[in-house]
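The primary structure of each chain is shown beneath.
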Amino acid sequence: MTKNLRVKSSKLVDETYRISFKFNGTTYYGFKGDTLASALLANNIHLVGRSFKYHRPRGIMTAGSEEPNAIVQLHNGTSRTEPNVRATEIEIYEGLVASSQNCWPSVKFDIGGINNFLSPLLPAGFYYKTFMWPASFWEKYEYFIRKSAGLGKSPEVPDPDIYEHKYIHCDVLIIGAGISGIIAAKTAAKNGFKTLLVEEKSYLGGSTIYQDSEFFKINNQSTASWLEKEINEIKKIENLEIKTRTSVAAFHGYNFLLARENLIDHLPLEQRENKTRQKLLKIRAKKVITATGSIERPLIFDNNDRPGILLSSAVKKYADLFGVACGEKNILFTNNDSAYETAISLIQKGIKVQAIIDNREEVDSKLIKETEKNNIKIYKGYTIVDTFGYKRINSVSIMKLSQDGQKVIGSKENISCDSLGISGGWTPAVHLFTQSGGKLKFRNDDQVFIPNTYPSNQISIGSCNGDFTLDEILMNALKLLKEFLNIKKTEYENIELYSAFNKSKRNIWLLPSNKIVGKTKSFVDFQNDATAKDIKLALREGFRSIEHVKRYTTTGMGTDQGKLGNMHALGIISETASSKMGELGTTTFRPPYTPLTFGTIVGRNVGKYFDIIRKTPIHEWHVKNKAEFENVGQWKRAWYYPQNGENMHQAVQRESKAARDSAGILDASTLGKIDIQGTDASEFLNRVYTNAWSKLEIGKCRYGLMLNEDGMVYDDGVTTRLDENHYIMTTTTGGAATVLNKMEDYLQTEWPELDVYLTSVTDHYATISICGPNSKKIIQKVIPEIDLSDKDFPHMSFKNSKIGKMKCRVMRISFTGEQSYEINIQANYAKSVWENCMEAGKEFNITPYGTETMHLLRAEKGFIIVGQDTDATMTPIDLQMDWIVSKKKFDFIGKRSLYRSDTIREDRKQLVGLITDNPKEILEEGAQIVADINKTPIEMLGHVTSSYFSPNLNKSIALGVIKGGKNMMGQKLIIPMEKKLINVTVTDPVFLDKENKRLNA
Amino acid sequence: MFLINCPFCGEREQSEFKAGGEAHIVRPKQPTELSDDQWAEYLFMRKNIKGIQFERWNHIHGCRKWFNMVRDTSNDEIKAVYKMGEKPPVK
Ligand SMILES: [Zn+2]
């Protein structure tokens, strides 16, 4: 049944530009300017989806971002498919392919529709009640829920589109380009403010731009033509930037707002290539003017959700703006004058209005009189009690309302129709205002929440401020603007207004029916299928807080955040619980106002731009020599260098053997380096490290351990005294930034009297470490002028030297237990020095090794890695490093905590070595360690922190932490794995060269 | 997101700053003389007030200076910022 419901020419669509699109497999046509919703309606299609819980057929309800039902899946290839797109917002383009979601196998025959007949079994809180028991059934339930209640499908391949982030700073931001927004923008910009006007739709002017009748006039012109001239004028103002298709998602404190600017979604697919799809605008505005308008309220009555039932304002908008009739036999149902505006528009367009049902008994309104002139039957004091038609409304039943509006009286009357427009008055769109921290007040006269107190430099104007009629809007907006912008007058001082609108309204939150509430389906939240009955049930079950009722009934918890029905939910609660509306408060509106795609949120920070990548100056050499890399913080570090198809284990075995047998070379440039200067530098080190520093001679190096104030190991590294008042500290790769911050913190806040200056020089120097019995010979070749004799240059000392003309620092320090030298050189010379070392070391089979081998070598020696063998619960005593904790020093960071009752416990987890009974068995890092596997529950004594096969010892070695491990030397323990038990013996953590012979060899 | 008036640089975005917990907790001069309870009081106990709160902030991606802030946690209003060592300008 395809019909063309396109009527006379419209405001927005270009009827000379035809566009074809596909919906649920069928090709249809629309015009440029159409939304998917308007184009479907023009083809007489209302049924677009199924509801979430009961799978009831649902149609297009609105013409904007508040749409609860008409959400579709867009298919632009597998990578660009997008779920939950509102048909009322997406503009059609050539090649658009859309389908219904939340229905299976098809929208017309939906298996889940059976839920509708089972609905007595699906009351409020049914998720909580039903699926709680028996717990083991949950998996089964979940399968069926996911299958039948899915809200669309997400793409399974990466998003190919480009997204950007942009900061905008402006004097005045105006949200919404309706009549209030336009006036505000012009006033602000003309008074010299740098102004930004954003509008979520593709056009400016809001609903006034199609208000083209003799009943609404400004300066004796129709409001539409007056506003059009204003719009043409503001487009020429230089300090006013206008962004359409831009919706504000979040309004944070201090006038910081996030908006999404949609740039290409309306273009034909072939015009989108290489263009940015969406921009996330990060706006910081000195002043914000919210002019977001209002959202029409539905009316709550039995079966108010059938396809063909729309908001009355949407029916008007589709006719005026898109030239589309929502039906051929329209009924309007209202409690206020708005529906008559719709009626007049429909009459103008030659669209038949069957009848108007008005809750109000007696009203005197020019709009009503005009409607009556056109022989339209108006049922005053009536209400709809039921509707009919499964996939499209075909008739309504009406009855007379009692005097108090609580009951229906008299007999039922049926009227046939194919479309029903409903109007329950208007709700100010205060979502963004409340997000910003604004507080609302309740206005009893017309039962609306309006802005009360503003948390930042902002105002709300127009209907989002509760001003609904033309004269209210203009008068109040101008007054507020003058005050807010601190200006004496605007150019609208002598404006002449005419509005035929009568403000009277008969507000009944839940319309009475001839049936009992339990037998009705009066939907309050259309997307989440929450009915008036559900809310009443929640109250009967004892829920009182609006936030609890919301969660129990899921009212307002859909992607539309209940923009249509939240007020009715509140109203029904207040009536049922006899509490005052203003005292109930509202639920919290959270960002985003309308959903954002992940692409917009992450912008350009995808793939390799996800995080900063730091590379050492020698990185290219590692790449050329086929290193595998591992991420250490943001650094890329060479992990191992596989040769001839080696796997990691084989490469590491070869590298570690070479390092101990002859020479190994490591790029240690990532270690944090902090330059410390000042007359109090030594005292400062005394306070931040656990050991003593005052007596360290110039030219000597010392290992230091840093604690948190709670006594737990925080970082470690070697610090060298370069001069009387000059040190260079090294930190772990990952700890560089936090160590610097922590030390700065103490210097600035606790010890401002100390004369100490800290500078990060991590990136300024590269560090090349050469270890092994032949390291001395290689260094000598690279730096011929240096005296490397053990007497002149012993272990833990430092020398300034030169490689050619390049100054360098050489430290004799070791993290492997081998004799070892580190060359620190200005970063931009590092690669050539590294290549010199490789050349010089050729005759000694110098072997580059990566972090994995470094870890193995240090584990053989029992050196810890902070963050691997420690977590934030290990003291130096737990690590069996008592020797590094000064007993003499008066104080250092963490000292007092080392003898708290908890830190002196004997049964704390302590670092030990572990040797497997089977020397070939390699333990898994993280594996649990137990003593008795027959005890239940099994007592976990600790876990393995580091584990390797040592080629130098030809056996498996491991480090672990065990409760009371210090006193368990020689004890047998068990490591239970999935399929076996591994027997281990507790040992000293130093496996190799306890006497440090190799260091000085 | 706040706009924070760094006492050294002026108004900057919150993203340039790092919060550092409660202000005006002085590190004891002689920790060794404190009982476990007294030390724990310094080490662990922090206020979490709805209302006026004194906080440490660090302009970490700017001048790197630490300073203090008085903030109303109920509405995020920043009442004052002042340098380390200075007395709070509001109660
Ligand atoms: Zn600063």
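First things first, this report covers the structure right here in the doc. From a predicted model like this one, the values you see are computed outputs, not experimental measurements.

Applying the stated criterion to the full structure yields 22 aromatic pairs over all chains. Consider the rings of F21 of chain A and Y28 of chain A, whose centres lie 5.9 Å apart with planes at 35°: the pair is tilted. Pair check on accessibility: F21 of chain A and Y28 of chain A agree, each one buried. When the centroid spacing of 4.8 Å and the interplanar angle of 20° are considered together, the rings of Y689 of chain A and W693 of chain A count as stacked. An identical accessibility class is assigned to Y689 of chain A and W693 of chain A; each is buried. Following the ring pairs from residue to residue traces out a cluster consisting of Y254 of chain A together with F2 and W57 of chain B. If you follow K287 of chain A out to its NZ or CZ, it ends over the ring of F484 of chain A, 4.5 Å from the centre.

Let us look at the sheet that holds strand β36 (residues 701-707) of chain A. Residues and elements named next belong to chain A. Read from one edge of the open sheet, five strands run β36-β37-β38-β35-β39, paired in antiparallel fashion. What marks the edges here is a single partner per strand, and that holds for β36 and β39 (757-760). Taking the axes of each pair of neighbouring strands and ignoring which way they run, one obtains an average angle of 30° across the sheet. Where strand β35 (residues 672-677) and strand β38 (residues 726-731) come together, six bridges link them in antiparallel fashion. In the sheet register, D675 faces β38, and the bridge partner there is I728. Sheet strands in contact with helix α20 (residues 681-688) are β35, β36, β37 (713-723), β38 and β39, and its direction is about 30° off that of β38.

All names here are of chain A. By size, the foremost hydrophobic cluster in this structure holds 136 residues, and its most contacted members are L36, L173, I283, Y318, I357, V396 and L420. Here this core takes eight residues from helix α12 (residues 470-485), the largest share from any one element. The next biggest cluster of nonpolar side chains, apart from the first, holds 32 residues, and it includes W621, V782, L788 and M806.

Reading guide: rules and limits
Counting restarts for each chain: residues are numbered from 1 in the order of the written sequence. Working convention: letters from A go to chains and numbers from 1 go to ligands, in the order in which they are written. Local features in this predicted model are restricted to residues whose pLDDT is 70 or higher, and side-chain atom pairs enter the listing and the counts only when it is 80 or higher, whereas totals over whole chains, interfaces and linings include all residues. Only hydrogens and water are set aside when side-chain values are computed; all heavy atoms of the structure are taken into account. Here is the rule: rings of Phe, Tyr and Trp (six-membered ring for Trp) pair when centre to centre is within 6.5 Å. Planes less than 30 degrees apart are stacked, more than 60 are edge-to-face, and the remainder are tilted. Under the scheme applied here, a residue whose accessible area is under 20% of the maximum for its type counts as buried, over 50% as exposed, and between as partly exposed, the area being computed with a 1.4 Å probe on protein chains only. Counting as a charge over the ring demands two things of the Lys NZ or Arg CZ atom: a distance within 6 Å of the ring centre and an angle within 35 degrees of the ring normal. For two strands to pair, DSSP has to find at least two bridges joining them. Think of it this way: any DSSP run of H or I at least four residues long counts as a helix, any run of E at least two long counts as a strand, and we number them from the N terminus. Throughout, an axis means a line fitted to C-alpha atoms (over the contacting stretch in the case of helices), and angles, computed between N-to-C directions, take values from 0 to 180 degrees. Whether two residues are in contact is decided by their heavy atoms: any pair within 4.5 Å suffices. As used in this record, nonpolar core signifies buried Ala, Val, Leu, Ile, Met, Phe, Trp, Tyr and Cys residues forming a set joined through side-chain atoms within 4.5 Å.

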